[in-house]
Amino acid sequence: MGNKYDEIIVEIQSRLDDKRLKAGGKLPSIRRFAKEFNCSINTVMKAYSELEKAHLIYSVPKSGYFAVGTDMPKKQKPMIIDFVSAGPDKSKMPYRDYQHCMNQAIELYKEEMFQYSHPLGLPSLRQQLSAQLQDLQVFAPPERIAVVSGSQQALDLLVSLPFPNNKNGICVEQPTHFSFIDSITSRGLKPIGIEVNQKGIDLNYLEKVFRERNIKFFYTVSRFQNPTGCSYSNQEKKDMVDLAQKYDVYIVEDDYMGDLDTRKKAHPMFAYDSSGRVIYTKSFSKVLLPGLRLGLAVLPEALMKSFTQAKFAADVHTPVLTQGALEIYLSSGMFKAHIEKLRRQYKKKGSILKKAYLEHLPPNTSFTGGDSGFYSTVVLPGRMKAKHLVKHLQKKNVFVQDAAPMYLPEYLKENRIRLSVSQVEDRKIAVGVKKIGDGIRALAHSYL
Ligand SMILES: Cc1ncc(COP(=O)(O)O)c(C=O)c1O
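Residues numbered from 1 in each chain as written. Predicted model: local features only at pLDDT ≥ 70, side-chain atom pairs only at ≥ 80, totals over all residues. Heavy atoms only, no water.

Student: Before we move on, can you summarise the site of the ligand with the specific residues and values?
Tutor: Neighbouring residues of the ligand: 14 residues in total, closest Asn226, Asp254, Ser283, Ser285 and Arg293. Between an oxygen atom of the ligand and a main-chain N or O atom of Ser151, the distance comes to 2.8 Å. Within the side chain of Tyr375, a nitrogen or oxygen atom sits 3.5 Å from an oxygen atom of the ligand. When the ligand is considered free in solution it has 400 Å² of accessible area, and contact with the protein chains removes 91% of it. Here the residues of the shell around the ligand are counted per class, giving 4 nonpolar, 7 polar and 3 charged. (Near = heavy atom within 4 Å. Polar contact = N/O pair within 3.5 Å; in protein donor to acceptor, adjacent residues only side chain to side chain. Areas by Shrake-Rupley, 256 points an atom, 1.4 Å probe, with all protein chains shown as cover. Nonpolar A, V, L, I, M, F, W, Y, C, P; charged D, E, K, R; others polar.)

Student: Can you tell me about the packing of helix 6 (residues 123-133) against helix 12 (residues 320-331), naming the residues and giving the values?
Tutor: Relative placement of two packed helices is described by the angle separating their axes and the distance separating the axes. Packing of helix 6 against helix 12 leaves a shortest axis separation of 9 Å and a crossing angle of 40°. Classified by the angle their axes make, helix 6 and helix 12 are oblique. Here the hand of the crossing between helix 6 and helix 12 comes out left-handed. Contact with helix 6, carried on its side by Ser124, Leu125, Gln128, Leu129 and Gln132, involves Gln323, Leu326, Glu327, Leu330 and Ser331 of helix 12 and no other residues of that element. Classifying every residue of the contact of helix 6 with helix 12 by side-chain character gives 4 nonpolar, 5 polar and 1 charged. (Axes fitted to C-alpha atoms, helices over the stretch in contact; angles between N-to-C directions. Helix = DSSP H or I, 4+ residues; strand = E, 2+ residues; numbered from the N terminus. Parallel < 35°, antiparallel > 145°, perpendicular 65-115°, else oblique. Left-handed = near helix turned anticlockwise from the far one by under 90°. Contact = heavy atoms within 4.5 Å.)

Student: Describe the sheet that holds strand 10 (residues 278-283), and please don't skip the residues or the numbers.
Tutor: If you walk across this open sheet you meet the 8 strands as 4-11-10-9-8-5-6-7, and the pairing is mixed. At either end of the open sheet lies a strand with only one pairing partner, and these are strand 4 (145-148) and strand 7 (200-201). Here 4 bridges tie strand 8 (residues 215-220) to strand 9 (residues 250-254), and the two strands are oriented parallel to one another. Bridged to Tyr219 within strand 9 is Val252. Its contacts with the sheet place helix 8 (residues 178-185) against strand 5 (169-174) and strand 8, and it is angled at close to 155° to strand 5. (Pairing = 2+ DSSP bridges.)

Student: Lay out the packing of helix 9 (residues 203-212) against helix 10 (residues 234-246) in plain terms, naming residues and giving numbers.
Tutor: Two numbers describe how helix 9 lies on helix 10: the axes approach to 10 Å, and their chain directions differ by 20°. On the basis of the axis angle, helix 9 is roughly parallel to helix 10. Crossing geometry of helix 9 relative to helix 10 is assigned as right-handed. For the pair helix 9 and helix 10, contact is made by Leu203, Leu206, Glu207 and Phe210 and by Asp239, Met240, Leu243, Ala244 and Lys246, respectively.

Student: Help me get a handle on helix 14 (residues 386-394), residues and values and all.
Tutor: Residues of helix 14 that are buried: Ala386, Leu389, Val390, His392 and Leu393. Along the long axis of helix 14, the arc covered by the buried residues comes to 165°, so they all point the same way. (Buried < 20%, exposed > 50% of the residue type's maximum accessible area, 1.4 Å probe, protein only. Arc of directions from axis to C-beta.)

Student: So what about unusual backbone geometry? Which residues, and what values?
Tutor: Looking along the chain, the bond that leaves Gln174 and enters Pro175 is cis, with omega of 0°. Inspection of the secondary structure puts Pro175 in the loop between strand 5 and helix 8. Note that the residue after Asn226, namely Pro227, is joined by a cis bond; omega there is 15°. Considering the arrangement of structural elements, one finds Pro227 in the loop between strand 8 and helix 10. With a phi close to 50°, Arg293 is a non-glycine residue in the positive phi region. Locating Arg293 in the fold gives a position in the loop between strand 10 and strand 11 (295-298). You can call Arg293 partly exposed: its relative accessible area is 36%. Even without a glycine there, the phi angle at Asn397 is positive, about 65°. Taking the relative accessible area as the measure of exposure, Asn397 reaches 23% and is therefore partly exposed.

Student: Explain the pattern of salt bridges to me, and be specific about the residues and the numbers.
Tutor: Summed over the entire model, instances satisfying the criterion amount to 31 salt bridges. The partner of Asp426 in a salt bridge is Lys349, with the nearest N and O atoms 3.3 Å apart. On the criterion of sequence distance, the pair formed by Asp426 in helix 15 (residues 426-444) and Lys349 in helix 13 (residues 334-360) is long-range, its members being 77 residues apart. Of the residues examined, Lys349 reaches a relative accessible area of 1% and is grouped as buried. One network of salt bridges, with partners in common, ties together Glu11, Arg15, Arg20, Arg32 and Glu36. (Salt bridge = Lys/Arg side-chain N within 4 Å of Asp/Glu carboxyl O.)

Student: Talk me through the sheet that holds strand 12 (residues 366-369); I want residue IDs and the actual numbers.
Tutor: Strand order in the open sheet formed by 4 strands is 12-13-16-15, with antiparallel pairing between adjacent strands. Of all strands in the sheet, those with a lone pairing partner are strand 12 and strand 15 (401-402), marking the two edges. Bridging between strand 15 and strand 16 (residues 416-420) involves 2 bridges; their strand directions are antiparallel. The residue of strand 16 that forms the bridge with Gln401 is Arg418.

Student: Just give me the short version of the pairing of strand 13 (residues 375-379), but keep the residues and values in it.
Tutor: Across the 5 residues of strand 13, 5 count as buried, placing the element largely inside the fold. Both faces of strand 13 are covered, namely the face carrying Tyr375, Thr377 and Val379 and the face carrying Ser376 and Val378. With 4 bridges connecting them, strand 12 and strand 13 associate as antiparallel partners. Of the residues in strand 13, the one forming a bridge with Phe367 is Val378.

Student: Just give me the short version of the packing of aromatic side chains, but keep the residues and values in it.
Tutor: One pass over the structure, following the stated rule, counts 17 aromatic pairs. Centroid distance Tyr256 to Tyr375: 6.4 Å. Interplanar angle 15°. Geometry classified as stacked. On the criterion of sequence distance, the pair formed by Tyr256 in the loop between strand 9 and strand 10 and Tyr375 in strand 13 is long-range, its members being 119 residues apart. The same class applies to Tyr256 and to Tyr375, which are both buried. By way of ring pairs, the aromatic residues Phe163, Phe180, Phe217, Tyr219 and Tyr250 are connected into one cluster. The aromatic ring of Phe284 is capped on one face by Lys282, whose charged end is 4.6 Å from the ring centroid. (Phe/Tyr/Trp six-rings, centres within 6.5 Å; stacked < 30°, edge-to-face > 60°. Lys NZ or Arg CZ within 6 Å of the ring centre and 35° of its normal.)

So this is what it looks like as structure tokens:
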């Protein structure tokens, strides 16, 4: 039912927007629409009832459905579509379950709460994490796992840590996660960029950078990249790990959304590393709650001592209570069940988004990603600037992000927007993308 249902909603929404359907105007009968859209009466009824709930239409018994419209006396709440918020979908997060785990943790870890704990996390949690990571093809003993206050903390600490290769350059994908660009530039360092696009990464150029630029580590988001939403193939991952080994470069693999991958055979780079040069990080912010500030890093033996010192210096340890709750959440099996559901839900969001892109974006635009239901980018036509489109869409209550801050100055692209659909209800995705498409067409005139 999903697709026809979305199409009907988009169609009515667009008739309301461009006033083909005015306040009080009668909607096509359910029977007629079912015929027009080649779907069941039930699907049209469900779509109408959704629009009624959103106060866009109302029904009169025995007469049919009518448009509410802006000139009706009742003030209509505008439909806000937020493609900027990058937190997880609130309706899908196990808030209550986690609350129970927190309550249990406060009892279970009472003693630990009265003292300082291990800088790398509760030993029992590290054990659970070691077992759970195997589902992601990451095989690491608990001693090599560090619990951190959000994966951003591990990434940030690694920037200033001396590495066994005694090198100091940091190489990043272009574009990349802007918090990590901040981690580098806030220390007065200058990252070295390497472009990634729909076609992947230029391995010859990466090799040249590894050979010539004294690279300490290469920071990469190997799947569902932020902002492009792209993932590398297993072959690309293997090739990059080989290059790292050949030129004695470390790889920091940020697998912040590895849990959401539905491809059983897609492995992280860590799985291909035989020389201990891949540092693996994982976040619980996208699949649980970002406010918990929980993440982990798997470190090579050579970095354990210095990382432990740096973590201790930063915040002594991650709070015991949230660590304890995570341990209970993992060991009870709740995490596994939650992730399985979440994978399907986000995959569905991704397919709705990609279908909407293909239907509603003008032909001279392109897009990347969208598979995880989190990030994707849209490349705007010609010289169109993302900042102009962002402003234009704000007036229509559609919020998108200019991707410019995710680029280093020498790679800057001003014609990309980033979308996250994670907090956009499924029924609103196509409506929002249509508005983006309309916005691009409307702005195109001012660039002629
Ligand atoms: C690429 C990337 N890594 C990691 C994170 C999450 O970081 P944290 O675990 O610190 O919340 C994000 C959040 O948006 C991200 O985009």
